[in-house]
Amino acid sequence: MSLPSPLLWPLSIVLGVFLFSLAVFIHELGHFLVARLLGLRADVFSIGFGPALWKRQVGGTEIRFSAIPFGGYVSLPQLDPEGMQRLQGDHGDVLPPARPWKRVLVALAGPLGNVALALVCAAAICWFAPEGATGASTTVGYVEQDSSAWTAGLRKGDRILAVNGNTVRSWSEFQTECFLAGGTNDVVTLAYERAGARAEARAVLDTQLTEGEAIYGVGGVLPGPLELGVGRVVTGSPAERAGLKTGDRILSVDGAPFTQLPQLTQRQNPAAAVTLEVCGAEEGAVPRTLTLVPEKLPPTEDDPTPELPRLGVTVAMFGQQHFQWMAERGIGAQLRSDASGVIRVLGALTRPKAKGEAGRAAKGLGGPLMILGMMVQVVQMGLWISLGFLRLICVNLALLNLLPLPVLDGGHILFALYAMIRRKEVNPKVIGWLTNVFACLLIGLMLLLVFRDTLRFASRLFG
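Residues numbered from 1 in each chain as written. Predicted model: local features only at pLDDT ≥ 70, side-chain atom pairs only at ≥ 80, totals over all residues. Heavy atoms only, no water.

Asks: What is the right way to read the overall build of the protein from this model?
Replies: Looking only at helices and strands, one finds 13 helices and 17 strands in the protein. Viewed in the frame of its principal axes, the protein has a C-alpha envelope of about 90 × 50 × 40 Å. Within the protein, the fraction of its 463 residues that count as buried is 42%. Considering only intrachain contacts with a sequence separation of at least 6, the fraction spanning at least 24 residues in the protein is 61%. Of the roughly 24100 Å² of accessible surface on the protein, 62% is carried by carbon and sulfur atoms. Between the centroid of the 40 positive side chains of the protein and the centroid of its 37 negative side chains there is a distance of 9 Å. (Helix = DSSP H or I, 4+ residues; strand = E, 2+ residues; numbered from the N terminus. Buried < 20%, exposed > 50% of the residue type's maximum accessible area, 1.4 Å probe, protein only. Contact = heavy atoms within 4.5 Å. Areas by Shrake-Rupley, 256 points an atom, 1.4 Å probe, with all protein chains shown as cover. Lys, Arg positive; Asp, Glu negative; His and termini not counted. Charge placed at Lys NZ, Arg CZ, Asp CG, Glu CD.)

Asks: What am I meant to see in the packing of helix 10 (residues 368-378) against helix 11 (residues 383-401) here?
Replies: The packing of two helices is summarised by the inter-axis angle and the distance between the axes. One can describe the packing of helix 10 onto helix 11 by two numbers: an axis separation of 9 Å at closest approach and a directional angle of 160°. The pairing of helix 10 with helix 11 is recorded here as roughly antiparallel in orientation. Regarding helix 10 and helix 11, the two cross each other, and that crossing is left-handed. The residues of helix 11 that touch helix 10, namely those facing Ile 371, Met 374, Met 375 and Val 378, are Ile 385, Ser 386, Phe 389, Leu 390 and Ile 393. (Axes fitted to C-alpha atoms, helices over the stretch in contact; angles between N-to-C directions. Parallel < 35°, antiparallel > 145°, perpendicular 65-115°, else oblique. Left-handed = near helix turned anticlockwise from the far one by under 90°.)

Asks: What's the story with the nonpolar core in this structure? I'm lost.
Replies: Burial of nonpolar side chains together is a common tendency in soluble globular proteins. Counting 25 residues, the largest nonpolar core has Trp 325, Met 375, Phe 389 and Leu 390 as its most contacted members. The dominant element in this core, judged by the number of residues it contributes, is helix 11, at eight residues. Apart from residues no more than four positions distant in its own chain, Met 375 is found in contact with Gly 16, Leu 19, Phe 20, Phe 389, Leu 390 and Ile 393. Core analysis: the second largest hydrophobic core is formed by 20 residues, Val 140, Val 168, Leu 190 and Ala 201 among them. (Core = buried A, V, L, I, M, F, W, Y, C linked by side-chain atoms within 4.5 Å.)

Asks: What exactly am I supposed to notice about helix 3 (residues 100-128) here?
Replies: Helical periodicity: at 3.6 residues per turn, an α-helix aligns residues three or four positions apart in one direction. Its 29 residues place the ends of helix 3 42 Å apart at the C-alpha level, agreeing with the 42 Å of an ideal helix rising 1.5 Å per residue. A maximum bend of about 30° is found in helix 3 at Ala 109, where proline Pro 111 lies one to four positions downstream. (Expected span 1.5 Å × (residues − 1). Bend = angle between axes of the 7 residues up to and from the residue.)

Asks: Please explain the pattern of salt bridges as it appears in this structure.
Replies: When charged atoms on two side chains of opposite charge get close, those side chains can pair. On inspection of all chains with the given rule, the structure shows twelve salt bridges. Between Glu 425 and Arg 103 there is a salt bridge, with its nearest N and O atoms 2.9 Å apart. Of this pair, Glu 425 sits in the loop between helix 12 (409-422) and helix 13 (428-462) while Arg 103 is found in helix 3, placing the two residues 322 residues apart along the sequence. What makes Glu 425 partly exposed here is its relative accessible area of 37%. A salt bridge links Glu 193 to Arg 159; the shortest N-O distance between them is 3.2 Å. Here Arg 159 lies in strand 4 (residues 159-163) and Glu 193 lies in strand 6 (residues 187-194), a separation of 34 residues in the sequence. Taking relative accessible area as the criterion, Glu 193 reaches 27% and is therefore assigned partly exposed. (Salt bridge = Lys/Arg side-chain N within 4 Å of Asp/Glu carboxyl O.)

Asks: Would you mind showing me how to read the side chain of Arg 360 here?
Replies: Inspection of the secondary structure assignment puts Arg 360 in helix 9 (residues 357-363). In this structure Arg 360 is buried but unpaired, with Asp 186 as the nearest side chain of opposite charge at 5.0 Å. Residues contacting Arg 360, with those up to four places away along its chain left out, are Phe 179, Leu 180, Ala 181, Gly 182, Gly 183, Tyr 216, Ala 354 and Lys 355.

Asks: Please explain the packing of aromatic side chains as it appears in this structure.
Replies: To describe a pair of aromatic rings, you give the distance between the ring centres and the angle between the ring planes. Within the structure shown, the criterion is met by eight aromatic pairs. Centre to centre, the rings of Phe 323 and Trp 325 are 5.2 Å apart; their planes meet at 35°, and the pair counts as tilted. Of the two residues examined, Phe 323 and Trp 325, each falls in the buried class. Following the ring pairs from residue to residue traces out a cluster consisting of Phe 25, Phe 32 and Phe 45. Here the guanidinium or amino end of Arg 155 rests over the ring plane of Trp 150, the centre of that ring lying 3.6 Å away. A cation over an aromatic ring shows up here: Arg 249 above the ring of Phe 318, its NZ or CZ 4.1 Å from the ring centre. (Phe/Tyr/Trp six-rings, centres within 6.5 Å; stacked < 30°, edge-to-face > 60°. Lys NZ or Arg CZ within 6 Å of the ring centre and 35° of its normal.)

Asks: Is there a simple way to explain the packing of helix 3 against helix 8 (residues 331-350) in this structure?
Replies: The contact between helix 3 and helix 8 brings their axes to 8 Å, and the two run at 130°. Relative to helix 8, the element helix 3 is oriented oblique. Pair helix 3 / helix 8 crosses with right-handed handedness. Where helix 3 abuts helix 8, its residues Ala 118, Leu 119, Ala 122, Ala 123, Ile 125, Cys 126 and Trp 127 lie against Ile 331, Gln 334 and Leu 335. Looking at side-chain class alone, the contact of helix 3 with helix 8 contains nine nonpolar, one polar and no charged residues. (Nonpolar A, V, L, I, M, F, W, Y, C, P; charged D, E, K, R; others polar.)

In structure tokens form, the structure reads like this:
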């Protein structure tokens, strides 16, 4: 039973914020539990930043829900007595730092908390999701005539294997590799399989506007399985009288398999009768053959040319949606897929494989607003897609927090390992200076990403 439209978006926003906050909560809970287990003091446990909307003192720790829900923290004075107090505020006397091995365990506990939640989501999808909920495919479902993909030689049924030597296992990976490979008019080498034989093609990249944003990719190609069928039927038209309905699949046009839109929309003689083999969308439907004679119809929004005879039907494409986070079924395969995506983008930013790849990778980054916006959308698509996206967020949080940068968990681990190996602490002033610098850089990056996310949302609303 679907929700009434006035309730759909408010409830989606509430659920989206809840799932986003859950990923943050689990991360901070890992830090908190291990810190308390090791006898460290935890002054504040906050979900979100900024002013506290709700707070309560529990066992010596102030539990907060703060106004800005894009993150959170646990104030652990002994993890970094000076640097952390600068970042999170003064919560009491300066305490001596915890022993290095304790600091390593506390810092690791946050990412491991995210990994644990990701494992739960992956196990639920693996064991309980229905057949068809997951699946990775790079099989071509449709190629538009005279497009970049058509000119390169791609055809329906081909399976794309690699882009510029980089293996792709899902349609999302194919799109990502094309985007990272270059801009408009750059050429990529595609390896593909047709009828069991491997071949290569060189395709020119196009600029495609997606929700007001320029995306580089091979134009005119869509993933399979994909079928062409009936979109809208005009009232009183030959199509309606013949019994065509929205969702019917069109198998053939005048005896030829229906693989290209022009077969129906750009026929040489628009007034000639056309024979269609169609099949209903319902399970077990039997194909039937219909002969339709075009007529002159009143102009419509889809076709404003009344002087030409028409059938009174628009053509639509029907296929499954391809989500990066639903490509795999096995528990380990799900986590590897998530991790490989993060590692690929980080590699593009730090060790680009092609000219301009780092800039394109940076352009494709999204901030907390985009993540939250996507979460609000995916909760409308069902439980399994939502769990898959939550798993993806958790893996991203775990890996990004392990980067060896001050203010991140990886920075604390790095300083603690230095102390263990050298048997002396890093100068607190150095830690404080680095923490301040990287905190400013991180805040600046977040503000930039929030600004870009705002522009993206504005282009979708007003674009």
